Amino acid sequence: MNTEEPDGEQPFSGLDDTPVEATVLRMMLGGQLRRLREAAGITPEQAGFEIRASRSKVSRLETGRVGLKGRDVQDLLTLYGVTDEDVLEKVLALVRQSNTPDWWAKYNDILPGWFEAYLGLESAASTIRSFEIQFVHGLFQTEDYARAVTRPGRKGAPAGEIEDWVRLRLSRQALHARQKPPRIWSVMDEAVLRRPVGGPAVMRAQLRHLVKMGAMPHVTLQVVPFSRGRHAAESGSFTVLRFEERDLPDVVYLEQLTGAIYLDQRSDVEQYLEVVDEVSGEALTPDDTTRFIEQVARET
């Protein structure tokens, strides 16, 4: 049977060309499964029945939010008309690879599932655009600042757990050292710079670190000063993650007190992109932002 996708490519071609983290690979495999299901005219309910699962389970498989099982994948591929033995063998090998632990697995005892999903998306993103209204983005936090941010939300937690969270925050920043790091564009309200998290000394060090980070070629920082008055993003912080892989839709991440919301509908993403574009236009330029942060550091 013809196992080509609608655009003429062999299914799952290119997935083993470059090494990727397990979570990213699950997302890419899930995206390919979704495309094959849609090309075969099969509903999520029908796919779920085939693998003895619910429609929501199929949705989570196709978005990479849960681990893939070889038996389920093989049953789905047979349902979708993919019977080429070489393709099946390759896919099952990728499924096994996708179930190897990611770097953050060692923090599983403290890591909630809703944030684990974000770590996978952040790791896969080619562009990260954010607006921050309260704290410095996690990818730019110093160790002392990260510790000061972590403590209030985990009152009564043992010191070891706090330190694990700090190490987790700092480990995310390894992406800055990649040969091809993601493009990171962070806009922040002036309140982020003025809030003395951890005290004046910690805040001064954080502000100086921001200046250093803003000089990196893949980083753009902007500040919306109080003098601008109201702005388009005053409703709260958010992050838009964009991907080079066609099987990974852009995602808006909204963090809450005990969970997070992930939006990947095109209309939702476009609305947030419009907001971040508008607030970027209202903000200081990157050069003026650097001078502004330096000024706030002197005043702190």
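You'll find the structure just up there.
Values in this document were obtained by computation on a predicted structure and should not be read as measured data.

Rules behind the numbers
- Residues numbered from 1 in each chain as written.
- Predicted model: local features only at pLDDT ≥ 70, side-chain atom pairs only at ≥ 80, totals over all residues.
- Heavy atoms only, no water.
- Helix = DSSP H or I, 4+ residues; strand = E, 2+ residues; numbered from the N terminus.
- Buried < 20%, exposed > 50% of the residue type's maximum accessible area, 1.4 Å probe, protein only.
- Contact = heavy atoms within 4.5 Å.
- Areas by Shrake-Rupley, 256 points an atom, 1.4 Å probe, with all protein chains shown as cover.
- Lys, Arg positive; Asp, Glu negative; His and termini not counted.
- Charge placed at Lys NZ, Arg CZ, Asp CG, Glu CD.
- Core = buried A, V, L, I, M, F, W, Y, C linked by side-chain atoms within 4.5 Å.
- Phe/Tyr/Trp six-rings, centres within 6.5 Å; stacked < 30°, edge-to-face > 60°.
- Lys NZ or Arg CZ within 6 Å of the ring centre and 35° of its normal.

Draft legend 1. Molecular detail of the overall build of the chain. Helix and strand counts for the chain come out as 12 helices and six strands. Overall, the C-alpha framework of the chain stretches about 70 × 45 × 35 Å when taken along its three principal axes. Relative to its full complement of 300 residues, the chain shows a buried share of 48%. Here the analysis covers contacts within the chain between residues at least 6 apart in sequence; of these, 73% occur between residues at least 24 apart. Accessible area of the chain: about 14800 Å², with a carbon and sulfur share of 49%. If the 37 positive side-chain charges of the chain are averaged to one point and the 46 negative ones to another, these points end up 6 Å apart.

Draft legend 2. A look at the nonpolar core. Membership of the largest hydrophobic core comes to 49 residues, with the highest contact counts inside it found for Leu-193 and Leu-210. Apart from the residues within four sequence positions on either side, Leu-210 is in contact with Val-136, Phe-140, Met-188, Leu-193, Leu-221 and Ile-293. Formed by 20 residues, the second largest nonpolar core is a distinct cluster that contains Leu-29, Leu-77, Leu-88 and Leu-94.

Draft legend 3. Molecular detail of the packing of aromatic side chains. Inspection of the entire model under this criterion finds eight aromatic pairs. Ring geometry for Phe-131 and Phe-238: centres 6.4 Å apart, planes at 35°, overall tilted. Here Phe-131 is found in strand β1 (residues 127-132), whereas its partner Phe-238 is found in strand β4 (residues 238-242), with 107 residues between them in sequence. By the burial criterion, Phe-131 is buried, and Phe-238 matches it. Here Tyr-253 and Tyr-262 contribute two aromatic rings whose centre-to-centre distance is 5.3 Å and whose plane-to-plane angle is 50°, an arrangement assigned as tilted. We classify Tyr-253 as buried; its relative accessible area is 5%. For Tyr-262, a relative accessible area of 18% gives the class buried. An aromatic cluster of at least three residues, connected via ring pairs, comprises Trp-114, Phe-115, Tyr-118, Trp-165, Tyr-253 and Tyr-262. Between Arg-129 and the ring centre of Trp-185, over which it is positioned, the NZ or CZ distance is 4.0 Å.

Read these as geometric descriptors, not functional statements.
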